[in-house]
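Fold and contact review
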Amino acid sequence: MATPTDLLTLSQWFGANFPTGAFAYSHGLEAMAESGAVTDATTFAAWLRDVLERGAGRQDAILLSLAYRGEAGQVAELALALSATAERHLETTAQGRAFGAVVADVWGGAATAWPLPVVAGAAAQREGLPLFETLTFALQSFAGNLCTIAARCVPIGQTEAQSVLRSIAPIIEAIARDALTATEDDIGSAAMASDLAAIAHETQRTRIYRT
Amino acid sequence: MLDATHQVKLQRAKGRVVAGFCGPDNRLRDLHQSGSLKALLPRNHAPVPDVVLVNTAGGLTGGDDYRIDIHAHDGASATVATQTAERVYKASQGVARMDVHLKAKGGATVHWMPQETILFDQSAIARTITADLDADSRLLIVEPVIFGRKAMGETLQTVSFSDQWRIRVDGRLIHAEATRITGDFIQYQGIGCLNGARTTATILYVGPDAMDRLDEARALDVPATAWGGKLVVRLMHDDARAMRRQLTEFLRNFRGCDLPRVWTM
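First, a word on scope: everything that follows refers to the structure included in this document. (Residues numbered from 1 in each chain as written. Chains lettered and ligands numbered in written order. Predicted model: local features only at pLDDT ≥ 70, side-chain atom pairs only at ≥ 80, totals over all residues.)

With that settled, consider the environment of Ala45 of chain A. All names here are of chain A. For Ala45, the position within the fold is in helix α3 (residues 41-54). Given 21 C-beta atoms within 10 Å, Ala45 falls into the buried group. Each residue touching Ala45, except ones within four places of it in the same chain, is listed here: Val164 and Ser167. (Helix = DSSP H or I, 4+ residues; strand = E, 2+ residues; numbered from the N terminus. Buried ≥ 20, exposed ≤ 12 C-beta atoms within 10 Å, placed from the backbone. Contact = placed C-beta atoms within 7 Å.)

Following this line, the structure appears as structure tokens:
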């Protein structure tokens, strides 16, 4: 069971105020909006569900869990190698470096330049935070950031964005539960269209977001 | 009793090929083949040997077990293709295994470019590709997959497709692909996943010049990305013929030579 202190730590680490620079990374959403694939709350929600259940959401949850339960350095090598595109690599390494630096400065321990899910999993393990709650907070943080970006760049209404975030809560819970016991063999993505959007974003003419 | 008989009948195909080349004149150093897998070395009048893999079982199904090892050393170059598209049929039990091991050392080159893998309804396959290179060798992997051919009226209800690549340079893992499409195929039709596409292809190029070739790849009008000493092209199409056209056009230009003849027959 998570103690109140655990929950406060998790909500701090995965809250919008934590300086990982998440607001700059749209995970290809900006390109999906530009191409006309995502135009409203319905299409955004469909894309977000794919990214969570069959893309980076599930994959990063498993990587976080593996880093928490095992040798984080080895998981970091795999997590880096698994980036689907140059911008995905930037997204996970830049945020991971920022997250690791703040946690090291404030909570202690060595700063590691690992990808975000790996540095988060290793830090949660070191702080004795419960894995399941860590996974749900990390997944909601990823999804919530994309909802905020959707409100700006699709655009959809602020309330619609919150409604989408609420609707994916059961998905977050299910992904977190599966990730608790997942192994390297369970890692796998099928977010091909989303990966193609990330590639298209590299050469997109007008860009506000870094990915 | 009935169950036991059934099990025996389901004994499935095994196949293994090892082919190794050495030196700038591409001397054949190793060649082993067994089971349902054969390696042909057609004379192609080109300096680079085409190894053509033939699956004499005529396709794959659950329980099949194939392993392929391709080695190139000391300046050798090997291009490997399959004789036809590989069909993965409905599995009554188990999963077909396809394990590919590629090695390029000492300024060597391996081009692994099988033709399409066609997945049929209720097929199950787990494929792994592992590669070991050193920093002055090159590797090209081309893997097109078709999720049922529209033109043939093939529709997938369920499928189990797992594809895991692990690429190491000087022992360091520099690239991994992990694809997992399992269960009801309709779940993978969303705008973030296949978005209705029936075929995908992943092209990976690793070599000292991989980063420098990004502009060239983009100029060939394909979605390309490069980082960390590797270049990746990802293609997706509704139609298998459109995929093949784009793939052959890109490969002819990017490789600077014709495709292995089996690709164009």
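As a further point, take the interface of chain A and chain B. Taken together, the 29 residues of chain A in the interface contact 25 residues of chain B. Looking at the side of chain A that touches chain B, the elements that each hand over two or more residues are α3, α5 (72-81), α6 (86-107) and α11 (192-202) of chain A. When the residues that make up the side of chain A that touches chain B are grouped by side-chain class, the tally is 16 nonpolar, 8 polar and 5 charged. (Nonpolar A, V, L, I, M, F, W, Y, C, P; charged D, E, K, R; others polar.)

By definition, the strands of a sheet pair up through backbone hydrogen bonds, in either a parallel or an antiparallel sense. Residues and elements named next belong to chain B. Taken together, 7 strands build an open sheet; the order of strands is β2-β1-β5-β8-β11-β13-β14 and the sheet is mixed. Only two strands of the sheet have a single neighbouring strand rather than two, namely β2 (27-35) and β14 (172-184). Across the sheet, the axes of successive neighbouring strands diverge by a mean angle of 5°, strand direction being ignored. Alignment of strand β1 (residues 14-22) against β2, held across 8 bridges, turns out to be antiparallel. Across the sheet, residue Val18 finds its bridge partner in β2, namely His32. (Pairing = 2+ DSSP bridges. Axes fitted to C-alpha atoms, helices over the stretch in contact; angles between N-to-C directions.)

What follows deals with α5 of chain A. Of the residues making up α5 of chain A, those classed as buried are Ala72, Val75, Ala76, Ala79, Leu80 and Ala81 of chain A. Where α5 of chain A is buried, its residues contact α4 (56-69), α6 and α7 (116-126) of chain A together with β14 of chain B.

For the rest of this paragraph, the subject is unusual backbone geometry. At the junction of Val154 of chain A and Pro155 of chain A, the peptide bond is cis and its omega measures out at -15° in the coordinates. Relative to the elements of secondary structure, Pro155 of chain A occurs in the loop between α8 (131-153) and α9 (158-167). One non-glycine residue, His27 of chain A, adopts positive backbone phi at about 60°. By the C-beta count within 10 Å, which is 29 here, His27 of chain A ends up buried. Phi at Asp74 of chain B is positive, roughly 50°, even though this residue is not glycine. Here Asp74 of chain B shows up in the loop between β5 (65-73) and β6 (77-82). We classify Asp74 of chain B as partly exposed; it has 15 C-beta atoms within 10 Å.

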